[in-house]
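# Summary of structural features
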Amino acid sequence: MKGKCVFIGAGPGDIELLTLKGYKVIQKAEVIIYAGSLVNPKILEYNENNAEIYNSASMDLNETTESIRKGVSEGKLVARVHTGDPSIYGAIAEQIRELKKLDIDYEIIPGVSSVFATAAALESELTLPEISQTVIITRPEGRTPKPKGESISSLSKHHGTMCIFLGVGMIEEVVEELLVGYEKTTPVAVVKKASWPDEEIVRGTLEDIADKVKQAGFKKTSMIIVGDAIGTTDFNPSKLYDKDFKHEYRN
């Protein structure tokens, strides 16, 4: 039997937010390589095949590739489990490039991103009519450089709803960049470990959010969302359910 590698988005933390398709692969997998620094380890309990388990938090690209190669060469089903959705900061492109070199069969199963778990925790719609119809997903520049033109300060000028990964540890610098385009009264929310049992939320504005985050002790595993869409109930309803708005399903 030919082996296969399946990349799985395990969701933001709540194990019930794993997709059914991802669950079935983890259940049957004979090798599981999971991002142990972020993926809820309880997801491993779904496995019914006494799988070999590898925590990729302590592995480099060569080591994860070799573990996949070895498993697939033995005809095994390999589950490569990432947090959230692997297409966003999941580093799957570099892994897939290596698998292609080795002619290894693979598949990708999407997952629920922490962006959407954060929006759910805030009970917010990120795209309110006439307030914001654009969602920007980004991160501050750290050891990983960003392309020219993608700075938070540049993106802030669009005034869309901005979702910022990996920025809570440098919240003051992030706020300084955001203030280039947004007003200091713009609503901001920071959610730590969205969907986990110990989820925490801090709300404020660009004027006070940095102090509030520091007081709360948030240092990692937190999403920053900024924009008027998360801080208002004063908006016009959409056309979708407007009784006077005609479309192909409603006359």
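The sections below set out a description of the structure shown in this document. (Residues numbered from 1 in each chain as written. Predicted model: local features only at pLDDT ≥ 70, side-chain atom pairs only at ≥ 80, totals over all residues. Heavy atoms only, no water.)

It is worth spelling out the pairing of strand S1 (residues 4-9) at this point. Most of S1 sits inside the fold, with 5 of its 6 residues counted as buried. Strand direction decides the pairing type here: S1 and strand S4 (residues 77-82), joined by 6 bridges, are parallel. Of the residues in S4, the one forming a bridge with Lys 4 is Leu 77. Of the pairings in the sheet, the one linking S1 to strand S5 (residues 106-109) comprises 4 bridges and is parallel in character. Within S5, the residue paired with Ile 8 across the bridge is Ile 109. (Buried < 20%, exposed > 50% of the residue type's maximum accessible area, 1.4 Å probe, protein only. Helix = DSSP H or I, 4+ residues; strand = E, 2+ residues; numbered from the N terminus. Pairing = 2+ DSSP bridges.)

The subject of this paragraph is the environment of Ala 29. By the element assignment, Ala 29 lies in the loop between helix H1 (20-28) and strand S2 (31-34). Spatially, the C-alpha atom of Ala 29 lies 7.6 Å from that of Lys 76, the residues being 47 residues apart in sequence. In contact with Ala 29, not counting residues within four places along its chain, are Asn 47, Asn 49, Ala 51, Leu 77 and Ala 79. (Contact = heavy atoms within 4.5 Å.)

Across the sheet, 5 strands lie side by side as S3-S2-S4-S1-S5; this open sheet has parallel pairing. In this open sheet, the two edge strands, each paired with only one partner strand, are strand S3 (52-55) and S5. On average, each strand axis in the sheet is tilted by 15° relative to the strand beside it, whichever way the strands run. Direction of pairing for S2 relative to S3: parallel, over a ladder of 4 bridges. Across the sheet, residue Ile 32 finds its bridge partner in S3, namely Ile 53. (Axes fitted to C-alpha atoms, helices over the stretch in contact; angles between N-to-C directions.)

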